[in-house]
Structure formats: structure tokens, C-alpha cells
Amino acid sequence: MRKRVSQALCWLIAAAVGLTAEPVQAKSFFTSRRTFGVLFLGGSAVMAKKAIDFRRDADRSYDDYKLARTSEEAERLFDRTGDYDTKSKMSIGLSVVLLASGLRLILSSGVDEDPAKIRQKKKLNVDMTSDVNKRMIKVAVKRHF
């Protein structure tokens, strides 16, 4: 008897909630912005790790440079140190750019708009004309605001 009462109450609550709740629309969590944002953040982490590795290699190469016995070896190790430092700086710069881009994409990742609407908003007209005798091509890009 007690089991039937609890089942009846559960059915009654489920029916009440089902009648009053709004229908839920199925939306994908993985929009293109979120996907690219996560990819950019991952790329940023990889480039930051590479920057740390290059910096460590540069420090090791510089320590070897200080212990070099010949001038040729010293020059080679000094050049290698400079290369590793340059790679480290470029990697950290790319990491920062990817981090900023990924965060921007994730933070602005509302539901993607309909691609047809996007194309209508950003419509450009491109006019191309050519003249074989004058050997020229004219390209005009027009945008209506």
C-alpha cells in the first residue's frame, strides 16, 4: 500500500512538472566558436611548453659556451644559444596570441547564428573588369552599410 502511494505521488509530481515546464530545445554544446576556442587554448599550452623547453636548451647551450675550449666551438654554441632564445621568444609570443584568441572565442561563444544571416550582414560586392589591350585588371570592392 505504501509503495503505491509513493508511486502515485511521483507520477502526480512528474505530471505537474511536465505540464508547467517549457519544452527544452536541444542545442549542441560544441559550437564552432567553442571548438576553435578550445583548440586555440590547447595550442597556447603547447607553445608555452615549447617556449619553456627552448629557454632551458638555451641556458644549457650557454653553460656549454662558457666552458668551450676552442673559438669555433664557442662561436657555434653562442649561435645555437641565440637561436634557442629567438625560438623561445617567438613561441611565447604565439602562445599569448593563441591564448587571447581562444579566450575571446570561448567568452563570445553564444549560440552560433544562422550562416545565411551572417552572409547577408557581411555582403560584399566585388566587380572585376579587364582590358587585354591595356593589360590591366580593375577590381572594386563595394560594401553597403
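What counts, and at which threshold
Residues numbered from 1 in each chain as written. Predicted model: local features only at pLDDT ≥ 70, side-chain atom pairs only at ≥ 80, totals over all residues. Heavy atoms only, no water. Phe/Tyr/Trp six-rings, centres within 6.5 Å; stacked < 30°, edge-to-face > 60°. Helix = DSSP H or I, 4+ residues; strand = E, 2+ residues; numbered from the N terminus. Buried < 20%, exposed > 50% of the residue type's maximum accessible area, 1.4 Å probe, protein only. Expected span 1.5 Å × (residues − 1). Contact = heavy atoms within 4.5 Å. Axes fitted to C-alpha atoms, helices over the stretch in contact; angles between N-to-C directions. Parallel < 35°, antiparallel > 145°, perpendicular 65-115°, else oblique. Left-handed = near helix turned anticlockwise from the far one by under 90°. Nonpolar A, V, L, I, M, F, W, Y, C, P; charged D, E, K, R; others polar. Pairing = 2+ DSSP bridges. Salt bridge = Lys/Arg side-chain N within 4 Å of Asp/Glu carboxyl O.

### Some words on the packing of aromatic side chains
Line of reasoning, step 1. Overall, the coordinates contain 4 aromatic pairs when judged by the stated rule.
Line of reasoning, step 2. With 6.4 Å between their ring centres and 55° between their planes, Phe36 and Phe40 make a pair best called tilted. Placement of both Phe36 and Phe40 in helix α2 (residues 32-66) is noted, with a separation of 4 residues, approximately one turn of the helix.
Line of reasoning, step 3. A residue is classified by how much of its surface remains accessible, and Phe36, at 47% relative accessible area, is partly exposed.

### Looking at α2
Residues spaced three or four apart along an α-helix point in a common direction, a consequence of the helix completing one turn every 3.6 residues.
Line of reasoning, step 1. Taking 1.5 Å of rise per residue, the 35 residues of α2 would be expected to cover 51 Å, and the 51 Å separating its terminal C-alpha atoms lies within 8% of that figure.
Line of reasoning, step 2. Those residues of α2 that sit buried are Gly37, Ser44, Ala51, Asp53, Phe54, Ala58 and Ser61.
Line of reasoning, step 3. Contacts from the buried residues of α2 go to α3 (71-107).

### Let's talk about the packing of α2 against α3
Line of reasoning, step 1. Contact geometry of α2 with α3 gives a least axis separation of 7 Å together with a crossing angle of 160°. Considering their axes alone, α2 and α3 lie roughly antiparallel with respect to each other. The handedness of the crossing between α2 and α3 comes out as left-handed.
Line of reasoning, step 2. Looking at the contact of α2 with α3, its residues break down into 22 nonpolar, 10 polar and 9 charged.

### Points about the pairing of strand β2 (residues 136-143)
Line of reasoning, step 1. In this sheet, β2 lies alongside strand β1 (residues 124-131) in antiparallel orientation, the contact comprising 8 bridges. Across the sheet, the residue bridging to Leu124 is Arg143, located in β2.
Line of reasoning, step 2. Here β1 hands over to β2 after 4 residues, with Arg135 in that stretch at a positive phi of 55°.

### Notes on the pattern of salt bridges
Line of reasoning, step 1. Evaluated as defined, the whole model comprises 5 salt bridges.
Line of reasoning, step 2. Asp53 serves as the salt-bridge partner of Arg56, at 3.2 Å between the closest nitrogen and oxygen. Placement of both Arg56 and Asp53 in helix α2 is noted, with a separation of 3 residues, approximately one turn of the helix.
Line of reasoning, step 3. Looking at Arg56, the relative accessible area reads 37%, which means it is partly exposed.
Line of reasoning, step 4. For Asp53, a relative accessible area of 16% translates into the label buried.
Line of reasoning, step 5. In this structure, the salt-bridge partner of Lys142 is Asp127, at a minimum N-O distance of 3.4 Å. Of this pair, Lys142 sits in strand β2 while Asp127 sits in strand β1, and the two are 15 residues apart along the sequence.
Line of reasoning, step 6. Residues joined in a network through salt bridges with shared partners are Lys49, Asp53 and Arg56.

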